[in-house]
Structures are given as C-alpha cells and as structure tokens.
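# Residue-level structural notes
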Amino acid sequence: MTIQENVLRIREEMARACARAGRPEQEVRLLAATKLNSADRVQEAIRAGVDICGENRVQELQQKLKENAYEGCPLHFIGHLQRNKAKHLVGQVDLIQSVDSVELLEILNRLAAEKGIRQEILMEVNIGGETAKSGVAPEALDAFAARMEDYPHLLLRGFMTIPPISNENGGNLRYFAKMYQLYVDIKAKKYDNNSIDCLSMGMSDDFADAIMEGATMIRVGTFIFGSRQYVKN
Ligand SMILES: *Cc1c(COP(=O)(O)O)cnc(C)c1O
C-alpha cells in the first residue's frame, strides 16, 4: 500500500466514524505523525491530503525544516518537550500540543514574548493517571486553563491526550469520553486567554473510537507510513 492509498483508507474510516457519531466530517482533522520518516515521505503524505504534520523530537524537526519537509502544511509539535529545547520550538510550529507543567508555561510565554509572538498550545492530559506518563492530571486541568491569563504570549487552544495502552477493542472509549467531558466543561467556562476548539486524541489503533467520543483531531503514524524502524544506538 502506498502512503496515498493509506491516507485515502483513513479518510474513509474517518467518514464512517463521523457518520456513526452524527458529526460532520469537517469537524475532525487528520494529523500525520511523521517521526522517523524522511522528508520525501512527509511530502508524499502532504500531497495525499493530510491536514497537519506532527513531529516528536526537536532535533528531527529542525533537520526536516531544513529539508522543507513540511512545506504546504501546518506543523505541530507532539512529543515530550524538554525545557532546554523550548527555545528552538517557539515560533517554529503552529501549535505545541504537549505542554504539561506551569514551568513550561512560564518558559514558553517568556520565549514568545522575546520573539514578539503569541504561541498557540494544547495542554497534554494524563487521562489514565499513569505514573510513568507525562501530562497534567485531569483534576488539575481546570486550574491550568484558569491561569492562562498570566501568559499573554500564549493561547490555549485545547487538549491532547494519549490514553493507556489497551489490548481490547474499545478499551479506551471511557478515557476518550472522560477527556471529552473535561474539554466541554472547560470550554464552556470561557476563561481569559482560552480559545478552545481542539481535542487531539486517537491514533492508528483507536482513532475511530476517539472520533465517536468527540475528538476534533486524530494523530496517525503507522497507518499512514507503515511500522516505524527504530534504529538502535
Ligand atoms: C507516534 C505518535 C502518534 C501516532 O502513533 P501511531 O500508533 O503510529 O498511529 C500519535 N501521537 C503521538 C504523540 C505520537 O508520538
């Protein structure tokens, strides 16, 4: 299967999920998770019609920017963000999806102020409460959204989550539902410096379930590019 065929197949599955959920297709955007794929392959995915590219590592993102890999497509950062790498990211991407601490909010706001820009962000939520996973605790999310007024050079657009690994069909439905409820509740509060319209959840194995439960963006890697070859160091 080519990248183009894969994207077509995903679009069909997205349309079916939207139809089942009674949602318009335009409500859900397709982000291609491009990690470990070459600039050529990223360009192929863009030509096939993905809406957004998402990269995980700052260094890989910088390299691919040099190669014009993302040309013609919005670019998001979706990986874990280390504080000392933040300066390479602010102003380089349309959206940082993985903000998970007050410390990072402070740093990003300062960097965006220095550049005279407003950086759009999502908060990453640890919806399964897993100890080994990054992300804000669901209980703490509302307080984060409420204090966005302290960061005028950032704009909160919504939330991103990676639920626990599940081995059963529909295993993550309850996490997606819980995330959607938080999204709706916080959006309704209309806090200052919030412009919430993005709920990023669902990957290759479970994006149809995520759409059923209200995702507005799915992040797909394997189903677009095939399985990733991890190089051992
Ligand atoms: C790699 C990655 C994805 C895509 O995962 P697949 O299972 O390959 O579709 C989605 N989100 C994040 C944050 C990722 O790192």
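It should be noted that the structure appears before, not after, this text.
Anyway, here's the lowdown on the structure attached to this text. (Residues numbered from 1 in each chain as written. Predicted model: local features only at pLDDT ≥ 70, side-chain atom pairs only at ≥ 80, totals over all residues. Heavy atoms only, no water.)

## Observations regarding the pattern of salt bridges
Inspection of every chain in the model, using the stated rule, returns ten salt bridges. A salt bridge links glutamate 27 to arginine 23, with the nearest nitrogen and oxygen atoms 2.8 Å apart. Between glutamate 114 and arginine 110 there is a salt bridge, with the nearest N and O atoms lying 3.5 Å from each other. Placement of the pair is glutamate 114 and arginine 110 together in helix α4 (residues 102-115), with a separation of four residues, close to one helical turn. The class of glutamate 114 is exposed, set by a relative accessible area of 58%. For arginine 110, a relative accessible area of 44% puts it in the partly exposed group. (Salt bridge = Lys/Arg side-chain N within 4 Å of Asp/Glu carboxyl O. Helix = DSSP H or I, 4+ residues; strand = E, 2+ residues; numbered from the N terminus. Buried < 20%, exposed > 50% of the residue type's maximum accessible area, 1.4 Å probe, protein only.)

## Considerations on the environment of serine 38
Tracing the sequence through the fold places serine 38 in the loop between β1 (29-33) and α2 (39-47). Look at serine 38 and you get partly exposed, because its relative accessible area is 36%. A sequence separation of 26 residues divides serine 38 from lysine 64, and the C-alpha atoms of the two residues are 7.8 Å apart.

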